[in-house]
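One letter stands for each residue in the lines below.
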Amino acid sequence: QAGEAVPPAQRSSWASFLKSIASVSGDLSSMTCPPFILSPVSLTEFPAYWCEHPELFSAIADQGTEEQRMLAVVKWFISTLKGQYTSRNESMGSEKKPLNPVLGELFYGNWPDVNGRGETELLVEQVSHHPPITAYAIENKSKGVKLVGHNAQKTSFSGGSIIVKQIGHATLTIKLPSGDVAEYLITLPRLRIDGLWYGAPYIELSETSWIICKEYVCAIEYKGKGYFSGKTHSFKATLTPAPGFGGTLGSHVIEGTWHTTSKFTSGPKTGLEFHNVTGPKEEVTAIGGQTSGEMGEFETRQLWKQVAKGIREGDFDMASREKSKIENDQRQRRKDELAAGTKWPLKHFDHVDSDPTYERLGKLGKITPVTEDMYVFKENWPPVA
Ligand code: HCR
């Protein structure tokens, strides 16, 4: 039934919200939603989903051949999807609207060294407010594995669902024992937010995303119920040697559901399990202002503390008052910058209009657009004493 999952007192505002999104395109971040659908967590915390299986991230460095390394990269990537796209349903009952980060908002964290896998560090900076763009760097220094990327969204409405085209990409680099650096271009899937009619939004992935390195091209196709296997969250990953590497490297096809398990369905490993994320995940340990000494009021949990408290405790008047304070402060800062002829300085990233790695590797998968901008990580964290 329509609005089934919506608290009765908020059903009419949910109906108005649904009507309004049908006419909005761009990003949903500034839309006003009924309180039941608000999340107390800012989007700056989302990049932590990339590393909820730190052992898979570090294992990428431990592979002996390019073929094994590519399989390890794909395994780590597929294993992140459950956290990225279903964890809010698990923890909050449905997808919720995250807090829209302010320019300069920061989130730092880490996953400790356990069993010699090395420590993995996370750094996130909101590099644009309107439209929202989040840049991140995740690094296991002892293993020489690093992921740098950024995220933005373009949304539209179709057939009762919100379609989210993810803008941005990530590059994974691995320092090899030979001294060379292997690079992997990672693009992001398209999302469809279903369940709106009932007031219980959830995500399904669609279309194709890519992982591409010099020697391999991996196309990952996503389908929901009623396609390859008839199951929700299905995927099929096809790994093919890049031009010039066909004679030496094997091809593989992997199929399954990204939130549970998958196996090889073609190639030398046919029948073997590929990934399995039915076990526990490891949440990031957030690092407060004390480590950097400079994050101060821009540390995400500090910044949104009162808003998050209001949302968690059902005091939406307080949440809204506190949110307005943050927004007014932002407006004032932008006005002051305009008057002074200055621009907010990004702390950890430099914006550039094109990414040579994306252009070079993207060609191998024939991905579009042929070029994309990027945020170059300044490598300035943790601060050198
Ligand atoms: C679409 C979304 C904002 C963007 C979120 C992204 C794409 C951000 C990057 C992460 O790596 C992955 C990621 C996962 C999230 O699932 C995705 C969010 C889910 C919901 C949110 C919408 C803007 C919320 C709309 C809610 C409406 C129905 C009220």
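Note that the structure is a prediction, hence the values are computed from the model and not measured. (Residues numbered from 1 in each chain as written. Predicted model: local features only at pLDDT ≥ 70, side-chain atom pairs only at ≥ 80, totals over all residues. Heavy atoms only, no water.)

Participant: What should I look at first to understand the overall build of the protein chain in this one?
Facilitator: Of regular secondary structure, the protein chain possesses 8 helices and 19 strands. For 385 residues, the compact-globule estimate of 2.2 N^0.38 gives 21 Å, and the C-alpha radius of gyration of the protein chain, at 21 Å, lies within 12% of that figure. Overall, the C-alpha framework of the protein chain stretches about 65 × 55 × 40 Å when taken along its three principal axes. Taken over 385 residues, the protein chain has a buried fraction of 52%. Across the protein chain, the fraction of contacts at a sequence separation of at least 24, relative to all contacts at a separation of at least 6, is 56%. As presented, the protein chain carries roughly 17700 Å² of accessible surface, and 53% of it is formed by carbon and sulfur atoms. Side-chain charges of the protein chain comprise 42 positive and 45 negative groups, with the mean position of each set lying 4 Å from the other. (Helix = DSSP H or I, 4+ residues; strand = E, 2+ residues; numbered from the N terminus. Rg over C-alpha atoms; globule rule 2.2 N^0.38 Å. Buried < 20%, exposed > 50% of the residue type's maximum accessible area, 1.4 Å probe, protein only. Contact = heavy atoms within 4.5 Å. Areas by Shrake-Rupley, 256 points an atom, 1.4 Å probe, with all protein chains shown as cover. Lys, Arg positive; Asp, Glu negative; His and termini not counted. Charge placed at Lys NZ, Arg CZ, Asp CG, Glu CD.)

Participant: Quick question: what am I supposed to make of the pairing of strand E14 (residues 252-257) here?
Facilitator: Sheet faces and side chains relate simply in a regular strand, where the side chains alternate between the two faces. With 5 of 6 residues buried, E14 is to be regarded as a mostly interior element. As paired elements, E14 and strand E15 (residues 261-266) share 4 bridges and run antiparallel to each other. By the bridge assignment, Val 253 is partnered in E15 with Ser 266. The hairpin formed by E14 and E15 contains 3 residues between the paired strands. (Pairing = 2+ DSSP bridges.)

Participant: What's the story with the site of the ligand in this structure? I'm lost.
Facilitator: Around the ligand, a shell composed of 19 residues is seen, among which Gln 84, Arg 88, Glu 95, Gln 166 and Ile 203 lie nearest. Interatomic distance of 2.7 Å between a side-chain N/O atom of Gln 84 and an oxygen atom of the ligand. Measuring from an oxygen atom of the ligand, one finds a side-chain N or O atom of Arg 88 at 2.3 Å. Placement of the ligand is best described as lying within the largest cavity. It is helix H3 (residues 66-92) that provides the largest number of residues to the shell around the ligand, a total of 3 residues. Here the shell around the ligand is built from residues that sort into 12 nonpolar, 4 polar and 3 charged. (Near = heavy atom within 4 Å. Polar contact = N/O pair within 3.5 Å; in protein donor to acceptor, adjacent residues only side chain to side chain. 1 Å grid on protein atoms, 1.4 Å probe; cavity = no way out; pocket = protein on both sides within 12 Å on 5 of 7 lines; lining within 4 Å. Sits in = over half its atoms within 2 Å of the grid points. Nonpolar A, V, L, I, M, F, W, Y, C, P; charged D, E, K, R; others polar.)

Participant: Looking at this structure, how should I read the packing of aromatic side chains?
Facilitator: The relation between two aromatic rings is expressed through the spacing of the ring centres and the mutual angle of the planes. Inspection of the entire model under this criterion finds 11 aromatic pairs. Seen from their ring centres, Phe 46 and Tyr 49 are 5.4 Å apart, and the 70° between their planes marks the pair as edge-to-face. The same class applies to Phe 46 as to Tyr 49, namely buried. Note on Phe 298 and Trp 344: the rings are 5.2 Å apart at their centroids and 55° apart in plane angle, and the pair reads as tilted. With Phe 298 in the loop between helix H4 (289-292) and helix H5 (300-303) and Trp 344 in the loop between helix H7 (316-340) and strand E18 (349-352), this residue pair connects regions lying 46 residues apart in the sequence. Its relative accessible area of 10% is what places Phe 298 among the buried residues. Among the aromatic residues, those joined into a cluster by ring pairs are Trp 50, Phe 57, Trp 76, Phe 77 and Tyr 136. (Phe/Tyr/Trp six-rings, centres within 6.5 Å; stacked < 30°, edge-to-face > 60°.)

Participant: So what exactly am I meant to see when it comes to the layout of surface pockets here?
Facilitator: Rolling a probe over the atoms, with the probe sized like a water molecule, indicates the empty space that remains. In this model, the largest pocket occupies a volume close to 590 Å³. As for the largest pocket, its lining consists of 28 residues, of which Ser 29, Met 31, Lys 97, Lys 323 and Glu 327 are closest to the centre. The set of elements that each furnish at least two residues to the lining of the largest pocket consists of strand E1 (38-42), strand E2 (97-99), helix H6 (305-313) and H7. Element by element, the count of residues in the lining of the largest pocket is highest for H7, at 10 residues. In this model, the second largest pocket occupies a volume close to 450 Å³. Taken together, 19 residues form the lining of the second largest pocket, with Val 41, Glu 45, Tyr 49, Ser 91 and Glu 283 sitting closest to its centre. (Points joined across faces, edges and corners; volume = space filled by probe spheres on them.)

Participant: It is not clear to me how the packing of H6 against H7 should be interpreted in this structure. Could you clarify?
Facilitator: Two packed helices can be described by the angle between their axes and the distance between those axes. Taken N-terminus to C-terminus, the directions of H6 and H7 make an angle of 160°; their axes are 7 Å apart at the nearest point. One element, H6, and the other, H7, form an angle in the roughly antiparallel class. Handedness of the crossing formed by H6 with H7: left-handed. Between H6, through Gln 306, Val 307, Lys 309, Gly 310 and Ile 311, and H7, the contact on the second element is made entirely by Phe 316, Met 318, Ala 319, Glu 322, Lys 323 and Ile 326. Looking at the contact of H6 with H7 residue by residue, the class counts come to 6 nonpolar, 2 polar and 3 charged. (Axes fitted to C-alpha atoms, helices over the stretch in contact; angles between N-to-C directions. Parallel < 35°, antiparallel > 145°, perpendicular 65-115°, else oblique. Left-handed = near helix turned anticlockwise from the far one by under 90°.)

Participant: Would you take a moment to explain the confidence of the model for the protein chain for this structure?
Facilitator: A low pLDDT means the predicted coordinates there should not be read in detail. Per-residue confidence for the protein chain gives a mean pLDDT of 93; residues scoring 70 or more make up 96%. Scoring of the predicted complex yields 0.96 for pTM and 0.95 for ipTM. (pLDDT = per-residue confidence, 0-100.)

Participant: Whenever I open this one, empty space enclosed by the protein confuses me. Can you help?
Facilitator: In this structure the tally under the stated criterion is 3 cavities of 30 Å³ or more. Space inside the largest cavity adds up to approximately 750 Å³. Around the largest cavity, the lining comprises 37 residues; the ones closest to its centre are Leu 43, Phe 46, Pro 98, Gln 153 and Ile 193. Put simply, the parts of the chain that give the lining of the largest cavity at least two residues each are helix H1 (11-21), H3, E2, strand E5 (133-140), strand E6 (145-158), strand E7 (161-167) and strand E10 (190-194). Looking at side-chain class alone, the lining of the largest cavity contains 24 nonpolar, 8 polar and 5 charged residues.

Participant: Just checking my understanding: could you explain unusual backbone geometry for this structure?
Facilitator: Note: most residues except glycine have negative phi, and most peptide bonds are trans. Between His 130 and Pro 131 the backbone carries a cis peptide bond, its omega angle lying at 0°. By the secondary structure assignment, Pro 131 is in the loop between strand E4 (120-128) and E5. The omega angle of the peptide bond from Thr 368 to Pro 369 is -5°, so this bond is cis rather than trans. With a phi close to 50°, Asn 115 is a non-glycine residue in the positive phi region. For Asn 115, the location among the structural elements is in the loop between strand E3 (106-111) and E4.

Participant: Would you mind showing me how to read the nonpolar core here?
Facilitator: With 63 residues, the main nonpolar core has Trp 76, Phe 77, Leu 147, Leu 172 and Ile 211 as its most contacted residues. For this core, the element with the highest residue contribution is H3, accounting for 10 residues. Among all residues touching Phe 77, those that are not within four sequence positions of it are Trp 50, Ile 186, Thr 187, Ser 209, Ile 211, Ile 220 and Tyr 222. With 16 residues, the next largest nonpolar core counts Leu 106, Leu 123, Phe 349 and Trp 381 among its residues. (Core = buried A, V, L, I, M, F, W, Y, C linked by side-chain atoms within 4.5 Å.)

Participant: Even after reading the chapter, I still don't get the state of the cysteines, so can you show me in this structure?
Facilitator: A covalent bond between the sulfur atoms of two cysteines is referred to as a disulfide. For the coordinates displayed, the defined rule picks out 0 disulfides. Looking at the unpaired Cys 213, the closest cysteine sulfur is the one in Cys 218, lying at 9.6 Å. (Disulfide = S-S within 2.5 Å.)

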